[in-house]
Amino acid sequence: MEPSFFSIHFPAEWTSQAAVLLTWPHSDTDWKRRLEEVIPCFVSVAKEIIKREKLIIVCRSAEEVKQALGDTDYSRILFREILSNDTWARDHGPISIFVNGVPYLLDFTFNGWGLKFPANYDNQITRQLYESQVFSPKTVYQSMLHMVLEGGSIETDGEGTILTTERCLLSVNRNDYKSRDEIADYLSMIFGAKRILWLNHGYLAGDDTDSHIDTLARFCNPETIAYVQCTDPNDEHFEELSRMEDELRKFKTLDGEPYRLIPLPMAEPVYYEGERLPATYANFLIINGAVLLPFYNSPLDEIAKQRLQEAFPDREIVGIDCRPLIEQHGSLHCITMQLPAGFV
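Residues numbered from 1 in each chain as written. Predicted model: local features only at pLDDT ≥ 70, side-chain atom pairs only at ≥ 80, totals over all residues. Heavy atoms only, no water.

Participant: Can you lay out the pattern of salt bridges for me, pointing to particular residues and giving the numbers?
Facilitator: Inspection of the entire model under this criterion finds 20 salt bridges. Arg174 is the partner of Asp210 in a salt bridge, and the nearest nitrogen-oxygen pair spans 2.6 Å. Residue Asp210 is found in the loop between β10 (195-199) and β11 (217-221), and its partner Arg174 is found in the loop between α6 (166-169) and α7 (180-191); the two are separated by 36 residues along the sequence. Overlapping salt bridges, with partners in common, bring together Glu13, Arg90, Glu155 and Arg218 in one network. (Salt bridge = Lys/Arg side-chain N within 4 Å of Asp/Glu carboxyl O. Helix = DSSP H or I, 4+ residues; strand = E, 2+ residues; numbered from the N terminus.)

Participant: Hey, could you go over the sheet that holds strand β16 (residues 285-287) for me, with residue numbers and the actual values?
Facilitator: Strand order in this open sheet of 3 strands is β16-β17-β18, and the pairing throughout is mixed. The two strands at the open ends of the sheet, each matched to only one other strand, are β16 and β18 (316-321). Here the strands of the sheet are splayed against their neighbours by 25 degrees on average, with no regard to which way each runs. Bridge analysis of β16 against strand β17 (residues 290-295) gives 3 bridges, and the strand direction is antiparallel. Counterpart to Leu285 in the pairing with β17 is Leu292. Most of the contacts of helix α1 (residues 35-50) go to β18, to which it runs at about 160 degrees, and overall it touches β16, β17 and β18. (Pairing = 2+ DSSP bridges. Axes fitted to C-alpha atoms, helices over the stretch in contact; angles between N-to-C directions. Contact = heavy atoms within 4.5 Å.)

Participant: Give a description of the sheet that holds strand β9 (residues 161-165) that names residues and reports values.
Facilitator: Pairing is mixed in the open sheet, where 3 strands are placed in the order β8-β9-β10. Two strands in the sheet have a free side with no partner beyond their single neighbour: β8 (154-156) and β10. Taken over all neighbouring pairs, the strand axes of this sheet differ in orientation by 25 degrees on average, direction set aside. As judged from the 3 bridges shared by β8 and β9, these two strands associate in the antiparallel manner. Bridge pairing in β9 links Ile154 to Thr164. Sheet strands in contact with α7 are β8, β9 and β10, and its direction is about 135 degrees off that of β10.

Participant: Residues and numbers for helix α9 (residues 300-311), please.
Facilitator: Here α9 contains 12 residues, and its C-alpha end-to-end distance of 17 Å stays within 8% of the 16 Å for a straight helix at 1.5 Å per residue. All of the buried residues in α9 are Leu300, Asp301, Ala304, Leu308 and Ala311. Buried residues of α9, viewed axially, fall in a sector of 105 degrees; they line one side. Buried residues along α9 sit in contact with β11, β12 (224-229), β13 (260-265), β17 and β18. (Expected span 1.5 Å × (residues − 1). Buried < 20%, exposed > 50% of the residue type's maximum accessible area, 1.4 Å probe, protein only. Arc of directions from axis to C-beta.)

Participant: A description of the state of the cysteines should follow, citing residues and the corresponding values.
Facilitator: A full pass over the atoms with the stated rule returns 0 disulfides. Here Cys41 is not disulfide-linked; the sulfur of Cys322 is the nearest cysteine sulfur, at 4.3 Å. (Disulfide = S-S within 2.5 Å.)

Participant: Tell me about the environment of Cys41, residues and numbers included.
Facilitator: By the element assignment, Cys41 lies in helix α1. Since its relative accessible area comes to 4%, Cys41 is described here as buried. Other than its neighbours up to four places away in sequence, Cys41 contacts Ile320, Asp321, Cys322 and Leu325.

Participant: Give me the packing of aromatic side chains: which residues, what numbers.
Facilitator: Applying the stated criterion across every chain, the model contains 12 aromatic pairs. With centroids separated by 6.0 Å and ring planes inclined at 50 degrees, the aromatic side chains of Trp31 and Trp88 adopt a geometry described as tilted. Of this pair, Trp31 sits in the loop between β2 (17-23) and α1 while Trp88 sits in the loop between β4 (77-81) and α3 (89-92), and the two are 57 residues apart along the sequence. Pair check on accessibility: Trp31 and Trp88 agree, each one buried. Taking 5.4 Å as the distance between ring centres and 65 degrees as the angle between the ring planes, the aromatic pair formed by Tyr281 and Tyr296 counts as edge-to-face. Of the two residues, Tyr281 sits in the loop between β15 (275-276) and β16 while Tyr296 sits in the loop between β17 and α9, which places them 15 residues apart along the sequence. Taking the relative accessible area as the measure of exposure, Tyr281 reaches 0% and is therefore buried. (Phe/Tyr/Trp six-rings, centres within 6.5 Å; stacked < 30°, edge-to-face > 60°.)

Participant: Tell me about the pairing of β10, residues and numbers included.
Facilitator: A regular strand places its side chains on the two faces of the sheet in alternate fashion. For β10, a buried count of 5 out of 5 residues is recorded, marking the element as mostly surrounded by other parts of the structure. Of the two faces of β10, both are covered, the one formed by Arg195, Leu197 and Leu199 as well as the one formed by Ile196 and Trp198. Direction of pairing for β9 relative to β10: parallel, over a ladder of 5 bridges. The partner of Ile162 across the bridge, within β10, is Ile196.

Participant: With reference to specific residues and values, describe helix α2 (residues 62-69).
Facilitator: Taken together, the buried positions of α2 are Ala62, Val65 and Leu69. All buried residues of α2 project into a common sector of 65 degrees when viewed along the axis, lining one side. Against α1, β3 (54-59) and β4 lie the buried residues of α2. Looking at the residues trailing α2, positive phi occurs at Gly70, about 65 degrees.

That is the geometry; function is a separate question.
Have a look at this one:
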C-alpha cells in the first residue's frame, strides 16, 4: 500500500462510527476472581454505546452476556462466540483505514504487550471476526502479522498526523529490530501519514503497555490535545509528565500553529495489593454524540469531566466507574475499539 499509488485515510476517533467492539470477560481470563466486580463496568459501557450505535461483542457465551445485560436493545448488538485470552479489544482488535474509499481492517500482531502475557487466542480475533461476516461485504481484511502494533499505541488526527511514544513503539519484544526511522516510514506508508509526532517522556506507574499514548495524550480534534498533567512535585510522575507537557507545547499543527492543550488532572493514586495502578482520565472513548470518560470515585472525576467538555462542547460527557478495570492495569478506552461508518 504505497501512498503514491493509493489514497489512504486513517480516520480520527470522532469520525462517524458504525459500531464499537468489546471482548467480554469470562472465567478463563485474568478477571476470573473479579468477574462479579468487573462485569457491571462492561454492562455500563455496552449500554451507553447501544444508545448511539451498534455494538459487537466477542464472548465465550452469548447467553452469559445476555444474562448480564438483562433487558436491553439487542437489535443493536452483534454477538460472536470466539475464544479470547483477555478483554483488551483496543489492542487485539482491528485498526480501520480507508484505501481509495474502501474500508480495510488491518490485523497487526498482538503479542501481549511485548510477550508479557499470553495472546494466542486474542491474536486470532480480528481474522475470526472477519470470517464470521460481522463486517459489511465491501470490507477488506488485510493481514499485517509481520508487525506488532496495538491500537492503544497510536493516535490520529484524521488529517495525516500520528501521535505516539518512543517507549512503546521502540520497546523490546515488539519491533526492536526496526529503528525509529524505519518504524516512522512504515507507519507513514501503511496509514498514509504525513508526519509522526513522537513523545519521549511520560509514563504511568503500573502500566503494562510501555506507555501507550491513549493513557497519556489524546487528539480531541486536529487542533486540540487533552493530556495528563501532574502538578504535585511529590508525585512520582511529576518530572516525566512535566517533560511530556513541554514536548506537547513544542508540537505544531499541520498549519504550523501551537496545539490547544487541555490538561486533565492526574488521577488520585489508586492501589491494589500494594501496587499503584495506572488510573488515567486520558483513557476516554469518543463515540457518536458522546464521550465515555473513566471515573474513579474521586472529586477529580468532575474536574476531568468539565475540562473534557471544553474539548467536546457538542458531545455528552458520560462518566463510567472504571475502578474495577484498573485492577488489571487498563481502563475504558483499552477495552473498546471503534469501527467507522461503512465497516458494519
